[in-house]
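Chains, contacts and geometry: an overview
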Amino acid sequence: MAPEARTYLREALSFMEQSSLRREQIDWPALRSTAFKQAGAAQTTAETYRAIAGAVGALADGHSWFLSPEETDEDLGASVSQFHGLKGRRLPGGMGYISLPGVLGDDETLAAYVEQGQASVTAADDGLACGWIVDLRRNSGGNMWPMLTVVAPILGDGPVGAYVRNDGTKIAWTIRDRVPRLEGQRFPWAPLSPVARKNPAVAVLTSRQTASSGEAITLAFRGRPSTRSFGQPTFGVPTNIAIQRLSDGATIGVTDAQGADRTGRTYDGPLTPDEAVPDQRQGFGTKTDQAVNAATAWLADQPSCDGT
């Protein structure tokens, strides 16, 4: 193996060992031996990719990943001006509805997502929404912080969750003045406008497509007063990813922490909703959407929406 390829592979494996949530359960000498055998006489960094991808798969956490430089540029550098599925509207009964898809990309992309989210929440609220449906059924993940910024006015201020490493270290998520903060550090986007009702009742919709950062947003609503979830269990990776950009532009993402709700309960598998409702491909978000109907029926009985 060429020295450059050997160094590259060693650095990738070292990052995995240092970061992995399951590092104490893994036979690292065996994993390294397998990776070096698979890389064989690699002469370039690219010729080690298959070995690195195999090692990432051997972590067996269902969430870690490896991207080539081309895949990294495509997934992390793309910029889009409109996000299909990021929509808000008023429902009969004075309830607000917002569907929140995942997002991944450069700074311009994330800022555009927050801006479109502001417009969506404003359209759904219109100064009057008595309660909210937050639809995460098509949220497969990405960067959680623009998503959390969009729903921050609905969630309300205070602690909303954390990532917890296997040594017990907690990385807290909080909202203050409608701005999400990670360990007290805020993100660059301006806070969204307040919604009509302070601490409104909220129904959260999930499906098996709700994954990764979509599950983190689900957790942010867990333990919140006047909140209930509907739909199907989530995909099952409510965990944090530590990201390392390698010397040639490839990227490794390694699961390094479990998600926790505001009560401190940790999760590393599917999040089960309070009320099971079948998922459906047709009629999504319409009058025939069973999850929306179940959520609106519950919201109609909450004090903010029943007129009491």
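These lines cover the structure that appears in this document, whether it is placed above or below. Since we're looking at a predicted model, the values are computed, not measured.

1. Observations concerning the state of the cysteines
Per the stated rule, a full pass over the model turns up one disulfide. Disulfide pairing places C130 opposite C305 at an S-S distance of 2.1 Å. Across the S-S bond linking C130 and C305, the dihedral sits near 95 degrees, which makes this disulfide right-handed. One end of the pair, C130, is in the loop between helix 5 (107–125) and strand 4 (131–135); the other, C305, is in helix 9 (residues 303–306), and 175 residues separate them in sequence.

2. Details of helix 8 (residues 290–300)
Among the residues of helix 8, those classed as buried are A291, V292, A294, A295, T296, W298 and L299. Between the side-chain oxygen of the N-cap and the backbone nitrogen of A291 there are 3.1 Å, and the N-cap of helix 8 in question is D289.

3. Here we look at the environment of T272
Along the chain, T272 turns up in the loop between strand 13 (266–267) and strand 14 (275–276). T272 sits in the exposed class, given a relative accessible area of 52%. C-alpha separation for the pair T272 and F230, spaced 42 residues apart in sequence, amounts to 8.8 Å. The residues touching T272, leaving out its near neighbours within four places in the chain, are R222, S229 and P233.

4. A closer look at the environment of R137
With respect to the helices and strands, R137 occurs in the loop between strand 4 and helix 6 (144–155). Each C-alpha atom of the pair R137 and I252 lies 27 Å from the other, and the pair is 115 residues apart in sequence. Apart from the residues lying within four places of it in its own chain, the contact partners of R137 are Y97, L205, T206, S207, Q209, T210, D279, F284, G285, D289, A291 and V292. Among the polar contacts listed, one links the side chain of R137 to the side chain of D135, at a separation of 2.7 Å.

5. Quick word on the pattern of salt bridges
The tally for this structure, following the rule as stated, stands at seven salt bridges. For the salt bridge of R32 with E17, the shortest nitrogen-to-oxygen distance reads 3.2 Å. Within this pair, whereas R32 is found in helix 2 (residues 28–39), its partner E17 is found in helix 1 (residues 3–19), the two being separated by 15 residues in sequence. Of the charged contacts, one joins R165 and D256 as a salt bridge, the two residues approaching to 3.7 Å between their closest N and O atoms. Here the residue R165 occupies a position in the loop between strand 5 (158–164) and strand 6 (170–176), and D256 occupies one in strand 12 (residues 251–260), the gap between them amounting to 91 residues. Assessed through its relative accessible area of 34%, R165 is described here as partly exposed.

6. Focus on the sheet that holds strand 2 (residues 87–91)
In space, the six strands of this open sheet follow the order 2-3-4-9-10-14, with mixed pairing throughout. The strands lining the two open edges of the sheet, one partner per strand, are strand 2 and strand 14. Sheet topology note: the strand 2/strand 3 (residues 95–99) ladder contains five bridges and is antiparallel. Residue pairing in the sheet places K87 in a bridge with S99 of strand 3. Against the sheet, helix 5 contacts strand 2, strand 3 and strand 4, and its axis sits at roughly 5 degrees relative to strand 2.

7. Side note on a negative patch on the surface
Together, E70, E71, E74 and D75 give the surface a local cluster of negative charge. Residue placement: E70 occurs in helix 4 (residues 69–76).

8. A closer look at the packing of aromatic side chains
Taken as a whole and assessed by the stated rule, the structure comprises seven aromatic pairs. An angle of 15 degrees between the planes, with centres 4.5 Å apart, marks the rings of W145 and F187 as stacked. Taken together, the residues span a long stretch of sequence, with W145 in helix 6 and F187 in the loop between strand 8 (185–186) and strand 9 (201–206) at a distance of 42 residues. Both residues of the pair, W145 and F187, count as buried. Three or more aromatic residues joined by ring pairs make a cluster, and in this case those are Y8, Y49 and F66.

About the criteria used
Residues numbered from 1 in each chain as written. Predicted model: local features only at pLDDT ≥ 70, side-chain atom pairs only at ≥ 80, totals over all residues. Heavy atoms only, no water. Disulfide = S-S within 2.5 Å. Helix = DSSP H or I, 4+ residues; strand = E, 2+ residues; numbered from the N terminus. Buried < 20%, exposed > 50% of the residue type's maximum accessible area, 1.4 Å probe, protein only. Polar contact = N/O pair within 3.5 Å; in protein donor to acceptor, adjacent residues only side chain to side chain. Contact = heavy atoms within 4.5 Å. Salt bridge = Lys/Arg side-chain N within 4 Å of Asp/Glu carboxyl O. Pairing = 2+ DSSP bridges. Axes fitted to C-alpha atoms, helices over the stretch in contact; angles between N-to-C directions. Patch = residues over 30% accessible without salt bridge, like charges linked within 9 Å, V, L, I, M, F, W, Y side chains within 5 Å. Areas by Shrake-Rupley, 256 points an atom, 1.4 Å probe, with all protein chains shown as cover. Lys, Arg positive; Asp, Glu negative; His and termini not counted. Charge placed at Lys NZ, Arg CZ, Asp CG, Glu CD. Phe/Tyr/Trp six-rings, centres within 6.5 Å; stacked < 30°, edge-to-face > 60°.

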